[in-house]
Amino acid sequence: MDKSEALRALQKAVEEQQLTSSALQNIQLWLTSPQYAAYTDEIIQLVHDKKWKELDDAFWTVIPFGTGGRRGKMFPVGTNMINDVTIGESAQGLASYTLEYLRQSGHRPSCAIAYDTRHRSRHFAELCAGIMVANGFKVWFLDGYRSTPEMSFMVRYKKCDCGIMVTASHNPPSDNAVKVYWNTGGQALSPHDTGIIEKVMSMENVKKVPFQEALAAGDVEYCQDEVDKAFFDAVLKIMLPGSRDLNVLYSPLHGVGASCVLPVLRQAGFEAVEVFGPHAEPSGDFPNVPGHVSNPENPAVFDSMIQYAEEKGNVDIILATDPDADRLGVAAPLSTQKGSSWKTLTGNQIAVLMTEYLLKTRKEQGKLSQEDYVVETLVTTPLVRKIAQAYGVRAIFDLLVGFKYIGGTIEENGPDHFLLGAEESYGFLIGSHARDKDAAAAALIFCQLAAAAKEEGKTVHEKLDEIYAKYGKHTEKAFSVVMTGSEGMTKMSKLLERFQKNPPANLGGMKIIRVRDYEHGTQTDLLTGKKSALQGPRGKLVIWDLSESGDFVAARPSGTEPKIKFYLFASCPPGAEEDLDARLVCLENDLRQLI
């Protein structure tokens, strides 16, 4: 089959509704434009084999370059896949925007680059480095698997103008991505995010230099030994006094965690840290976790570790980090009694425990100020801000989902009084060394609070019960509905619009009393019908406030994956005995009926 035969076959596939017209347009571009000539044979082979679904999935749209970067399934060809073309366009777009922004600065721009254990991560990192060098950048490169927070730190430490992290976080093994960072060490915010997106989506010419050539010329420089030490020293500045008597079982979930979590804990004095053997191997296949998805948000990833801990008998706590070590999950026994059952903690519960511990410890040290502040997003537990307010510190919580907004808040308010940033999706930052979530810093603080609890003869679950007794119980739950392909995107948009404009009267046996529409900046009181302006950020997020005080649900399309995510919140005052779990089950059941 030659090129003209392939084009005729593609047209016929569209007529027979085996291929979308948008896919045809993008494939035609790849078959006729000189810059895609290297991929002609592969595309023709797919056409010859009538791989219409693969071709449609790969070409029906252009994979979006979102406000944090580009993430998706890897496939050698396609506008909607992660491959050399889409990664190369991303790096070139970042380079072009940064050069335009710096055109009056007079200094040579620089970029920090790191990568995780995923398939082709090193290849994509080298590709990005060569592109940045071809555009005149000096590249500081971490040679070996490293964490996203260390890359964020490196941007600041090396005074880089931007940074690139090659990782798809906790996505399946089929995926990869680039996250782009600005000179703050945080992911790019407005106006830089939209400026970078415009450059990426209009990119036609990608400049390249071979990686080894750039390395030999000194335009790419390895700096991992220097940056590792500086990063560990920076994280260890958050360390607090107290017991280090804690037996820790730790899993990197086949990711980069051994490069950061282990050194930090051991240098902080936690000597009894054992790496869980089945999860120790750095591997993009994530072979020994359920479904091959290394996500500490999934309680099932802890099952084998809990079984091992129960057999061993002396483990106090289990920690797990995702592949790029920016998220932390925790499991612990419910009590200190021998044979106690184990249970995982949610991201909200981890945030609550760390907030109480940090504020209580700083108050006891006489180091707590009214200028101090904690930061969380609109879909993180309200208990974090309730604790902050009880200690007389500021709580900034009117933020969209995405840790870049927490990083931006630190920049706006200054790092000197920043205490903690938290997301319900297991992302936390303590300290001012980075502008992205950091599992190494979170692991250090959590081990300290767990050791303090052990010294009192308690587990972290028992400390959590104390917090609920003091402030009232808060319970949260989240679930997602995957909506892939062009049909899924359309369905997702229609569903969000329905949530904004046509909510049901009741949900989970409670009235919906208010709709907060952050996309359009409006709030509607459903009891009076009055609509008013909504103060706060703008983005695709809708919240339904319920008649039970403090209860609400939220919905938002993911910015990184083809799914819509729902968040459920329930609470009761101190001393009240209410089945909040059952309330959340009712809410979830009713929500699923609406989808």
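Our subject in this report is the structure included herewith. (Residues numbered from 1 in each chain as written. Predicted model: local features only at pLDDT ≥ 70, side-chain atom pairs only at ≥ 80, totals over all residues. Heavy atoms only, no water.)

1. Remarks on the sheet that holds strand β3 (residues 138-141)
Across the sheet, which stays open at both edges, the six strands sit in the order β1-β5-β4-β2-β3-β6 with mixed pairing between neighbours. The sheet is open, and its two edges are formed by β1 (69-73) and β6 (220-222), each paired on a single side. Averaged over all pairs of adjacent strands, the angle between their axes in this sheet comes to 15 degrees, without regard to strand direction. Across five bridges, the pairing between strand β4 (residues 162-166) and strand β5 (residues 175-182) is antiparallel. If you follow C162 over to β5, its bridge partner there is W182. (Pairing = 2+ DSSP bridges. Helix = DSSP H or I, 4+ residues; strand = E, 2+ residues; numbered from the N terminus. Axes fitted to C-alpha atoms, helices over the stretch in contact; angles between N-to-C directions.)

2. So, the pattern of salt bridges
Tallied over the full model, the rule gives 42 salt bridges. Note that D326 is salt-bridged to K437, the shortest N-O span being 3.7 Å. One end of the pair, D326, is in the loop between β9 (317-321) and β10 (328-333); the other, K437, is in the loop between β15 (427-429) and α16 (439-455), with 111 residues separating them in the sequence. There is no split in this pair, since D326 and K437 are both buried. Here R583 and E578 are joined by a salt bridge, their closest N and O atoms 2.3 Å apart. By relative accessible area, R583 is classed as buried at 13%. (Salt bridge = Lys/Arg side-chain N within 4 Å of Asp/Glu carboxyl O. Buried < 20%, exposed > 50% of the residue type's maximum accessible area, 1.4 Å probe, protein only.)

3. Overview of α16
Residues separated by three or four positions in an α-helix point in the same direction, a consequence of the helix having 3.6 residues per turn. Helix length check: α16, at 17 residues, gives a terminal C-alpha distance of 24 Å against a target of 24 Å (1.5 Å per residue), a fit within 8%. With 14 of 17 residues buried, α16 lies mostly within the body of the structure. Capping the start of α16 is the job of one residue whose side-chain oxygen sits 2.9 Å from the backbone nitrogen of A440: D438. (Expected span 1.5 Å × (residues − 1). Polar contact = N/O pair within 3.5 Å; in protein donor to acceptor, adjacent residues only side chain to side chain.)

4. Considering the environment of E271
Relative to the helices and strands, E271 resides in the loop between α11 (261-267) and β8 (273-275). Residue E271 is classed as exposed on the basis of its relative accessible area, which comes to 71%. Counting along the chain gives 194 residues from E271 to V77, while the straight-line C-alpha distance between them is 48 Å.

5. Side note on the packing of aromatic side chains
Throughout the structure, instances matching the rule amount to 19 aromatic pairs. Note on F153 and Y157: the rings are 5.4 Å apart at their centroids and 15 degrees apart in plane angle, and the pair reads as stacked. Within this pair, F153 and its partner Y157 are both found in helix α7 (residues 148-157), separated by four residues, close to a single helical turn. Taken together through their ring pairs, the aromatic side chains of Y115, F141, Y145, F211 and Y222 make up a single cluster. One cation-aromatic arrangement involves K138 over W140; the distance from NZ or CZ to the ring centre is 4.8 Å. The ring of W140 has K158 lying over it, and the distance from NZ or CZ to the ring centre is 3.9 Å. (Phe/Tyr/Trp six-rings, centres within 6.5 Å; stacked < 30°, edge-to-face > 60°. Lys NZ or Arg CZ within 6 Å of the ring centre and 35° of its normal.)

6. Focus: the pairing of strand β2 (residues 110-115)
Look at any regular strand and the pattern is simple: side chains alternate between the two faces of the sheet. Counting buried residues along β2, six of its six residues qualify, which places the element largely inside the surrounding structure. Burial along β2 is two-sided: the residues S110, A112 and A114 and C111, I113 and Y115 are all buried. Each parallel crossover has a hand, and for β2 linked through helix α6 (residues 121-134) to β3 it is right-handed. Bridging between β2 and β4 involves five bridges; their strand directions are parallel. Its bridge partner lying in β4, Y115 is registered against V166. (Right-handed = clockwise from strand over helix to strand, strands pointing away.)

7. A word on the environment of A440
Within the secondary structure layout, A440 lies in helix α16. The spatial distance from the C-alpha of A440 to the C-alpha of F232 is 9.0 Å, given a sequence separation of 208 residues. If near-sequence neighbours (up to four positions away) are discounted, A440 is found in contact with V235, C260, V261 and V264. (Contact = heavy atoms within 4.5 Å.)

8. As for the side chain of N348
Checked against the element boundaries, N348 lands in helix α13 (residues 347-364). Under the relative-accessibility criterion, N348 is labelled buried at 6%. Excluding residues that lie within four positions of it along the chain, N348 makes contacts with T380, T381, E424 and E476.

9. Some details on the packing of helix α1 (residues 3-15) against helix α2 (residues 21-32)
Packing of α1 against α2 leaves a shortest axis separation of 10 Å and a crossing angle of 170 degrees. The pairing of α1 with α2 is recorded here as roughly antiparallel in orientation. Residue-level contacts link K3, L7, L10, Q11 and V14 of α1 to S21, L24, I27, Q28 and L31 of α2. Taken together, the residues of the contact of α1 with α2 sort by class into six nonpolar, three polar and one charged. (Parallel < 35°, antiparallel > 145°, perpendicular 65-115°, else oblique. Nonpolar A, V, L, I, M, F, W, Y, C, P; charged D, E, K, R; others polar.)

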